[in-house]
Amino acid sequence: MDIEVIKVPEGQRKPISKDDLSLGFGRLFTDHMFTMKYAPDKGWHDARIEPHHALELDPACMVLHYSQEAFEGLKAYHGPDGGVYLFRHMMNLQRLNRSCRRLVIPELPLDFVSDALKQLVLVDKEWIPHTEGCSLYIRPNVIATDPYLGVRPSDTYLFYIIMSPVAAYYPEGFNPVKIWVSDDYVRAAFGGVGEAKTGGNYAAGLKAQTEAKKSGFTQVLWLDAKERKYIEEVGTMNIFFIFDDELVTSPLTGSILPGVTRDSVLKIGKHWGMTVNERMISIDEVMEGAKSGRLKECFGSGTAAIISPVKAIKYKDELVTVGNGGTGPIAQKLYDHILGLQLGKVADPFDWVVRLDA
Ligand SMILES: *Cc1c(COP(=O)(O)O)cnc(C)c1O
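Residues numbered from 1 in each chain as written. Predicted model: local features only at pLDDT ≥ 70, side-chain atom pairs only at ≥ 80, totals over all residues. Heavy atoms only, no water.

A.B. asks: Would you mind showing me how to read the site of the ligand here?
C.D. replies: The environment of the ligand is formed by 14 residues, the closest being Lys 197, Tyr 202, Glu 233, Thr 261 and Thr 303. Within the side chain of Arg 95, an N or O atom sits 2.8 Å from an oxygen atom of the ligand. The protein chains hide 96% of the 380 Å² of surface that the ligand would expose on its own. For the shell around the ligand, the residue count by class is 4 nonpolar, 6 polar and 4 charged. (Near = heavy atom within 4 Å. Polar contact = N/O pair within 3.5 Å; in protein donor to acceptor, adjacent residues only side chain to side chain. Areas by Shrake-Rupley, 256 points an atom, 1.4 Å probe, with all protein chains shown as cover. Nonpolar A, V, L, I, M, F, W, Y, C, P; charged D, E, K, R; others polar.)

A.B. asks: Please clarify how the packing of helix H5 (residues 260–271) against helix H7 (residues 329–342) should be interpreted in this entry.
C.D. replies: To characterise two packed helices, one gives the angle between the axes of the helices and the distance between these axes. The geometry of H5 relative to H7 is characterised by a closest axis approach of 11 Å and an angle of 110° between their N-to-C directions. On the basis of their axis angle, the class for H5 and H7 is roughly perpendicular. Judged by residue contacts, Thr 261, Val 265 and Ile 268 of H5 engage Leu 334, His 337, Ile 338 and Leu 341 from H7. The class makeup of the residues in the contact of H5 with H7 is 5 nonpolar, 2 polar and no charged. (Axes fitted to C-alpha atoms, helices over the stretch in contact; angles between N-to-C directions. Helix = DSSP H or I, 4+ residues; strand = E, 2+ residues; numbered from the N terminus. Parallel < 35°, antiparallel > 145°, perpendicular 65-115°, else oblique. Contact = heavy atoms within 4.5 Å.)

A.B. asks: Explain the domain arrangement of the protein chain to me, please; I cannot follow it from the model alone.
C.D. replies: When the parts come together, some accessible area is lost, and that loss is often what is quoted as the size of the interface. Along its sequence, the protein chain is organised into domain 1 (4–166) and domain 2 (177–342). For domain 1 versus domain 2, the separation of C-alpha centres amounts to 27 Å. Our count for the contact surface shared by domain 1 and domain 2 stands at 1 salt bridge. Note that Asp 263 and Arg 88 form a salt bridge whose closest N and O atoms lie 2.8 Å from each other. In this assembly, domain 1 and domain 2 are joined by 12 residue pairs in polar contact (both at pLDDT 80 or more). For the side of domain 1 that touches domain 2, the secondary-structure elements that each account for two or more residues are strand S4 (69–71), strand S5 (74–78), strand S6 (84–87) and helix H2 (89–102). Per-element accounting of the side of domain 1 that touches domain 2 gives the leading share, 6 residues, to H2. Per-class residue counts for the side of domain 1 that touches domain 2 are 10 nonpolar, 5 polar and 8 charged. (Domains from an automatic or database assignment. Salt bridge = Lys/Arg side-chain N within 4 Å of Asp/Glu carboxyl O.)

A.B. asks: I would appreciate a short explanation of the environment of Asp 155 in the present structure.
C.D. replies: By the secondary structure assignment, Asp 155 is in the loop between strand S7 (135–144) and strand S8 (157–166). Sequence separation between Asp 155 and Thr 145 is 10 residues, and the spatial gap between their C-alpha atoms is 7.8 Å. In this view, Asp 155 contacts Tyr 38, Ala 39, Pro 40 and Asp 146; residues no more than four positions away in its chain are not counted.

A.B. asks: Sorry if this is basic, but what is going on with the pairing of strand S16 (residues 306–315) here?
C.D. replies: If a strand is regular, its side chains alternate between the two faces of the sheet. With 8 of its 10 residues buried, S16 lies for the most part within the structure. Two strands pair when backbone bridges link them, and strand S15 (residues 295–302) and S16 are joined in this way by 4 bridges, in the antiparallel orientation. Across the sheet, the residue bridging to Gly 302 is Ile 306, located in S16. Here S15 folds back onto S16, and the loop between the two strands holds 3 residues. (Buried < 20%, exposed > 50% of the residue type's maximum accessible area, 1.4 Å probe, protein only. Pairing = 2+ DSSP bridges.)

A.B. asks: Quick question: what am I supposed to make of a nonpolar patch on the surface here?
C.D. replies: Taken together, the side chains of Leu 55, Leu 57 and Leu 64 present a nonpolar region at the surface, about 240 Å² in accessible area. With respect to the helices and strands, the residue Leu 57 is situated in the loop between strand S3 (43–51) and helix H1 (62–66). Classification of Leu 57 by relative accessible area gives partly exposed; the value is 33%. (Patch = residues over 30% accessible without salt bridge, like charges linked within 9 Å, V, L, I, M, F, W, Y side chains within 5 Å.)

A.B. asks: What's the story with the packing of aromatic side chains in this structure? I'm lost.
C.D. replies: How two aromatic rings sit relative to each other is set out by the distance from centre to centre and by the angle between their planes. Overall, the coordinates contain 12 aromatic pairs when judged by the stated rule. Ring centres 4.2 Å apart and planes at 15° place the aromatic pair Phe 350 and Trp 352 in the stacked group. Following the ring pairs from residue to residue traces out a cluster consisting of Phe 34, Tyr 38, Trp 44, Phe 112, Tyr 157 and Phe 159. The side chain of Lys 178 reaches across the aromatic face of Phe 217, ending 5.1 Å from its centre. Lying over the aromatic face of Trp 272, Lys 333 brings its terminal NZ or CZ to 4.1 Å of the ring centre. (Phe/Tyr/Trp six-rings, centres within 6.5 Å; stacked < 30°, edge-to-face > 60°. Lys NZ or Arg CZ within 6 Å of the ring centre and 35° of its normal.)

A.B. asks: Can you help me understand helix H3 (residues 110–123) in this one?
C.D. replies: Turn by turn, an α-helix covers 3.6 residues, leaving residues three or four places apart pointing in a common direction. If you check H3, its first and last C-alpha atoms are 20 Å apart, about what 14 residues at 1.5 Å a residue would give, namely 20 Å. Taken residue by residue, H3 has Leu 110, Phe 112, Val 113, Ser 114, Ala 116, Leu 117, Leu 120, Val 121 and Val 123 as its buried positions. (Expected span 1.5 Å × (residues − 1).)

A.B. asks: Can you help me understand the pairing of S7 in this one?
C.D. replies: Burial runs high along S7: 9 of the 10 residues are buried. Where S4 lies against S7, 3 bridges are found, and the strand directions are antiparallel. Within S7, the position partnered with Phe 71 by the bridge is Asn 141. Strand direction decides the pairing type here: S7 and S8, joined by 10 bridges, are antiparallel. Bridge assignment links Ile 143 to a residue of S8, and that residue is Leu 158.

A.B. asks: When you look at the pattern of salt bridges in this model, what are you seeing that I'm missing?
C.D. replies: Pairing is possible between side chains that carry opposite charge, provided their charged atoms lie close to one another. Taken as a whole and judged by the stated rule, the model has 20 salt bridges. Between Glu 278 and Arg 262 there is a salt bridge; the shortest N-O distance is 2.8 Å. With a gap of 16 residues between them, Glu 278 in strand S14 (residues 275–278) and Arg 262 in helix H5 connect regions that are remote in the sequence. With relative accessibility at 3%, the residue Arg 262 sits in the buried group. Each of Glu 246, Arg 279, Glu 285 and Arg 294 takes part in one network of salt bridges that share partners.

Put into structure tokens, the structure is as follows:
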């Protein structure tokens with residue numbers, strides 16, 4: 001399949017802000033997008049790089065009613081050598097196909113999508129911020145497009161990729177967050193769609209997120225749906241704890257999103273010779289660990305922030321401080337190392353980084 005390329009004429013392109021730090025997250029979009037359609041008789045077809053534009057959808061379009069969709073989030077970076085880099089992007093695309101299988105969406109041809117993604121990034125490469133820590137956020141999305149109100153998998157789909165230049169999450173250094181443990185609401189139950197990156201999971205979390213914000217907390221820490229006892233993840237990040245010398249995160253039991261950053265933290269931790277475990281972590285272990293001093297650090301991991309240190313945790317009526325309430329040395333070292341890898345600045349023993357314009 002060929003990709004038809006329709007570019008925005010030079011004189012009609014949007015101005016690119018030079019003030020990278022005021023970009024925020026996901027508010028501004030580049031000049032171009034990639035689109036591709038699916039129909040049962042044609043398979044994936046009509047692949048195009050074209051001007052970023054509003055979609056025309058029938059109001060009966062199935063994704064708008066029943067949320068049959070899956071998405072991804074990854075980034076492109078400008079290295080100090082002027083190169084354009086992607087980090088583990090095939091892992092994101094493989095996860096997209098796993099989400100598609102769970103949502104009964106036809107799988108995407110991954111090598112083709114990988115080439116399309118690289119081509120799109122290069123078409124809009126002027127949009128990749130140069131300030132360290134800033135990047136181009138890439139959002140692939142696949143949606144059900146049959147105009148039909150019955151509940152069944154759609155026959156037709158639209159896949160697209162849009163891109164947004166984003167600021168560093170913590171432009172002035174880390175700002176450790178306070179998190180709120182939800183014991184009223186759950187994010188995902190065993191057998192549900194928690195391990196798929198699909199819209200319904202996020203709609204389901206908004207109520208708890210809003211209540212947490214109202215009480216002065218940045219994120220919600222989710223417990224398992226059955227016992228309301230074991231840690232799952234935090235907001236839209238996976239979560240890590242350091243108990244004495246052990247680096248731990250929750251196992252992928254089916255209700256947790258398998259993060260690319262989570263996997264990177266686990267592999268780097270092992271590579272550094274740390275004791276690394278994926279095991280069940282109860283909220284009691286966390287609260288007691290914070291009080292006894294056994295809990296040295298806690299941080300979230302995800303593409304947007306990379307590492308997000310946690311300074312305090314509220315569960316029921318108790319508020320505990322993690323470590324000394326600042327950013328722990330391991331959180332800092334992991335952040336520096338992962339960002340260094342993404343920018344092509346540190347040695348990459350895992351072959352995680354691709355340079356696009358080499
Ligand atoms: C995307 C996401 C993550 C983090 O995944 P990364 O691949 O590291 O960005 C974790 N939890 C949820 C719920 C997510 O949506």
